[in-house]
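Residue-level listing of the chains:
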Protein chains: 2
Amino acid sequence: MKLSDGVEWSVHCAMLLGSLPEHATLSGKALAEFHGVPESYLLKHLKALAAAGVMESVTGPRGGYRLARAPEDISLLDIVDAVERKKPAFRCTDIRRRGPCALGSDAYPRPCGINRAMLRAETSYRQALARENLKALTDEFVETADKRIIALAMEWFPENVRMPGR
Amino acid sequence: MKLSDGVEWSVHCAMLLGSLPEHATLSGKALAEFHGVPESYLLKHLKALAAAGVMESVTGPRGGYRLARAPEDISLLDIVDAVERKKPAFRCTDIRRRGPCALGSDAYPRPCGINRAMLRAETSYRQALARENLKALTDEFVETADKRIIALAMEWFPENVRMPGR
């Protein structure tokens, strides 16, 4: 079981976008450069995040990506669901219906108990991801990060951050 | 993010083994036949379960697999960890150390906050899996399953269940 690398990339991108002034955007190219990741793969994930309503894609020469809502209203679950397309980690293939004891569909009125137990545990995981929000992660980063990193980001911003309509 | 199909197969096998008389075993071939799954792939998982101390492999002509401890002492976490080799779903590639703001190792005394948050959520998942045990799953199955399935299993057992040393 492995989450897509896109989850790590997407959370970093979302945290960066959440630290921009209101309405400001960063292009997919700039987000890829900032994080040292391949632009084409990153764009796939940014599109998924926009489709899921976590980010917004602003078109035009000064367009790019920005968060679709406030960082405190975006959880790690929102990002994981966007990148992983909401598929459960446990996917029951109903092997109880195979082999020498298999019967017709009428013998299985309920989902398999193993499936239900695995999904109960996934619900706990999802609830825990929902409790982690971008604002808290960003606040902790700003408090604890090496100040030189933040200074370097402040140097990088003016060349890359775009204000649509200006 | 997807768990190996081996998790589903392994939980079914463990539940079946947990319903046998003490010391009794089933061969990998019989377990594969009962569940309608490929024997070679299943054997890989049974070996991992034995290596993790969830099952025991009994050698000899009447040997096979059996649980290494009582079903109430085997959780879904034990099985998932054996099959998935205890790897976390989120694997930080430390992309914070790339790009225009990257610094040397001394600038990153702690793991990335995103990694820590993702692993906090995984801890909730693992705790939930640890609360699900084989005995409870088996009891629920016996109470709720179609009685014809249990009758068919009772017919299949005498030809396949082995008692070592007899």
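Quick note: structure is the one above.
In what follows, the accompanying structure is described. This structure is a prediction, so every number in the text was calculated from the model and none was measured.

## Section: the pairing of strand S2 (residues 64-67) of chain B
Residue and element names in this part refer to chain B.
Now for step 1: Bridging between strand S1 (residues 55-58) and S2 involves four bridges; their strand directions are antiparallel. Considered in S2, the bridge of Val58 is made with Gly64.
Now for step 2: As consecutive antiparallel partners, S1 and S2 are separated by five residues, and within that stretch Gly60 has a phi angle of approximately 105 degrees, a positive value.

## Regarding helix H1 (residues 5-18) of chain B
Residues and elements named next belong to chain B.
Now for step 1: Here H1 spans 20 Å end to end across 14 residues, near enough to the 20 Å set by a 1.5 Å rise per residue.
Now for step 2: Counted residue by residue, H1 has 12 buried out of 14 residues, so it is predominantly covered.
Now for step 3: The complete set of buried residues in H1 reads Gly6, Val7, Glu8, Trp9, Ser10, Val11, His12, Cys13, Ala14, Met15, Leu16 and Leu17.
Now for step 4: Taking the backbone nitrogen of Gly6 as reference, a side-chain oxygen 2.7 Å away marks Ser4 as the first, capping residue of H1.

## As for the relation of the copies chain B and chain A
Now for step 1: You can overlay chain B on chain A at an RMSD of 0.0 Å; the transform is a turn of 180 degrees with a shift of 0.0 Å along its axis. Considering both components of the superposition, the chain copies are consistent with a two-fold axis. Rotation axis and chain B: the residue whose C-alpha lies nearest the axis is Tyr125(B), separated from it by 2.3 Å.
Now for step 2: When you check the interface residues of chain B against chain A, 100% turn up at the interface there too, and the contact is symmetric in its surfaces.

## Some remarks on the interface of chain B and chain A
Now for step 1: Residue-level contacts link 61 residues of chain B with 61 residues of chain A.
Now for step 2: In total, about 5300 Å² of surface goes out of reach between chain B and chain A, with carbon and sulfur atoms giving 66% of it.
Now for step 3: Its largest share of buried area at the contact with chain A, chain B owes to Met1(B), Glu8(B) and Ile95(B), together 15% of the area lost on that side.
Now for step 4: Our enumeration of links across chain B and chain A arrives at eight salt bridges.
Now for step 5: Residue Arg148(A) is joined to Asp106(B) by a salt bridge in which the shortest nitrogen-to-oxygen separation is 3.3 Å.
Now for step 6: Where chain B meets chain A, there are 22 residue pairs in polar contact (both at pLDDT 80 or more).
Now for step 7: Contributions of two or more residues to the side of chain B that touches chain A are made by H1, helix H2 (28-35), helix H4 (76-84), helix H5 (113-130), helix H6 (134-144) and helix H7 (147-160) of chain B.
Now for step 8: Looking at the side of chain B that touches chain A element by element, the count peaks at 12 residues for H5(B).
Now for step 9: Of the residues assigned to the side of chain B that touches chain A, the class counts are 34 nonpolar, eight polar and 19 charged.

## Here's the deal with unusual backbone geometry
Residues and elements named next belong to chain A.
Now for step 1: If you check the backbone angles, Arg85 has positive phi at about 55 degrees while not being a glycine.
Now for step 2: Not every positive phi belongs to a glycine, and Asp94 is a case in point at roughly 55 degrees.
Now for step 3: You can see Asp94 is positioned in the loop between helix H4 (76-84) and helix H5 (113-130).

## Concerning the packing of H1(B) against helix H3 (residues 39-51) of chain B
Residue and element names in this part refer to chain B.
Now for step 1: In contact at an axis separation of 10 Å, H1 and H3 are set at 70 degrees when each is read in the N-to-C sense. One element, H1, and the other, H3, form an angle in the roughly perpendicular class. Here H1 runs over H3; the crossing is right-handed. The segment H1 lies against H3, with Gly6, Trp9, Ser10 and Cys13 engaging Tyr41, Leu42, His45, Leu46 and Leu49.
Now for step 2: Residue composition of the contact of H1 with H3, by class: six nonpolar, three polar and no charged.

## Some thoughts on empty space enclosed by the protein
Now for step 1: Per the stated rule, a full pass over the model turns up one cavity of 30 Å³ or more.
Now for step 2: Reported here for the largest cavity is a volume of approximately 30 Å³.
Now for step 3: Surrounding the largest cavity, Ala89(A), Phe90(A), Arg91(A), Lys2(B), Leu3(B), Ser4(B), Asp5(B) and Glu8(B) form its lining.
Now for step 4: Among the residues making up the lining of the largest cavity, the classes are represented as three nonpolar, one polar and four charged.

## Overview of the packing of aromatic side chains
Residues and elements named next belong to chain A.
Now for step 1: Counting across every chain of the model gives five aromatic pairs over all chains.
Now for step 2: On the numbers, 6.2 Å between centres and 55 degrees between planes, the contact of Trp156 with Phe157 is tilted.
Now for step 3: The class for Trp156 is buried, based on a relative accessible area of 7%.
Now for step 4: Under the relative-accessibility criterion, Phe157 is labelled buried at 12%.
Now for step 5: Members of the aromatic cluster, connected to one another through ring pairs, are Phe34, Trp156 and Phe157.

Conventions we followed
Here the residue index of a chain counts from 1 through its sequence in written order. Chains carry letters and ligands carry numbers; both start at the beginning, A for chains and 1 for ligands, and go up in the order they are written. In keeping with the predicted nature of the model, local features appear solely for residues at pLDDT of at least 70, side-chain atom pairs appear and are counted solely at 80 or more, and the whole-chain, interface and lining totals rest on all residues. Each side-chain value is derived from all of the structure's non-hydrogen atoms; neither hydrogens nor water enter the calculation. The pairing criterion is simple: DSSP has to find at least two bridges between the two strands. To qualify as a helix, a DSSP run of H or I must reach at least 4 residues; to qualify as a strand, a run of E must reach at least 2; elements of each kind are numbered from the N terminus. Each helix should span, by expectation, one fewer than its residue count multiplied by 1.5 Å. Only protein chains enter the area calculation, which uses a 1.4 Å probe; residues under 20% of their type maximum are buried, those over 50% are exposed, and those in between are partly exposed. Throughout this description, a polar contact denotes any pair of N or O atoms lying within 3.5 Å of each other; where both atoms belong to protein, one of them has to be capable of donating a hydrogen while the other can accept it, and for residues adjacent in sequence the pair is counted only when both atoms sit in side chains. Least squares is the method for superposing the copies, and the C-alpha atoms it fits come from residues with pLDDT of at least 70 in both. We call two residues in contact when some of their heavy atoms are within 4.5 Å. When two parts are put together, the accessible area they lose, computed with a 1.4 Å probe and summed over both, is reported as buried area. Any carboxyl oxygen of Asp or Glu that lies within 4 Å of a side-chain nitrogen of Lys or Arg is treated as forming a salt bridge with it. Residues were grouped as follows: Ala, Val, Leu, Ile, Met, Phe, Trp, Tyr, Cys and Pro as nonpolar; Asp, Glu, Lys and Arg as charged; and all remaining residues, including Gly, as polar. For helices, the fitted line uses only the C-alpha atoms of the stretch in contact; every axis is such a line through C-alpha atoms, and the angle between N-to-C directions lies from 0 to 180 degrees. Here roughly perpendicular refers to angles of 65 to 115 degrees, roughly parallel to angles under 35, roughly antiparallel to angles over 145, and oblique to all remaining angles. Crossing chirality is assigned from the near helix's rotation relative to the far helix, an anticlockwise turn below a right angle marking it left-handed and a clockwise turn marking it right-handed. Points on a 1 Å grid over protein atoms alone make up a cavity when a 1.4 Å probe fits among them but cannot get out, and a pocket when they form an open set with protein on both sides within 12 Å along at least five of seven lines; lining residues each have an atom within 4 Å of a point. Grid points are joined across faces, edges and corners, and a volume is the space filled by probe spheres set on the points. When the centres of two rings from Phe, Tyr and Trp lie within 6.5 Å, Trp using its six-membered ring, the rings pair. Their planes under 30 degrees apart give stacked, over 60 give edge-to-face, and anything left gives tilted.

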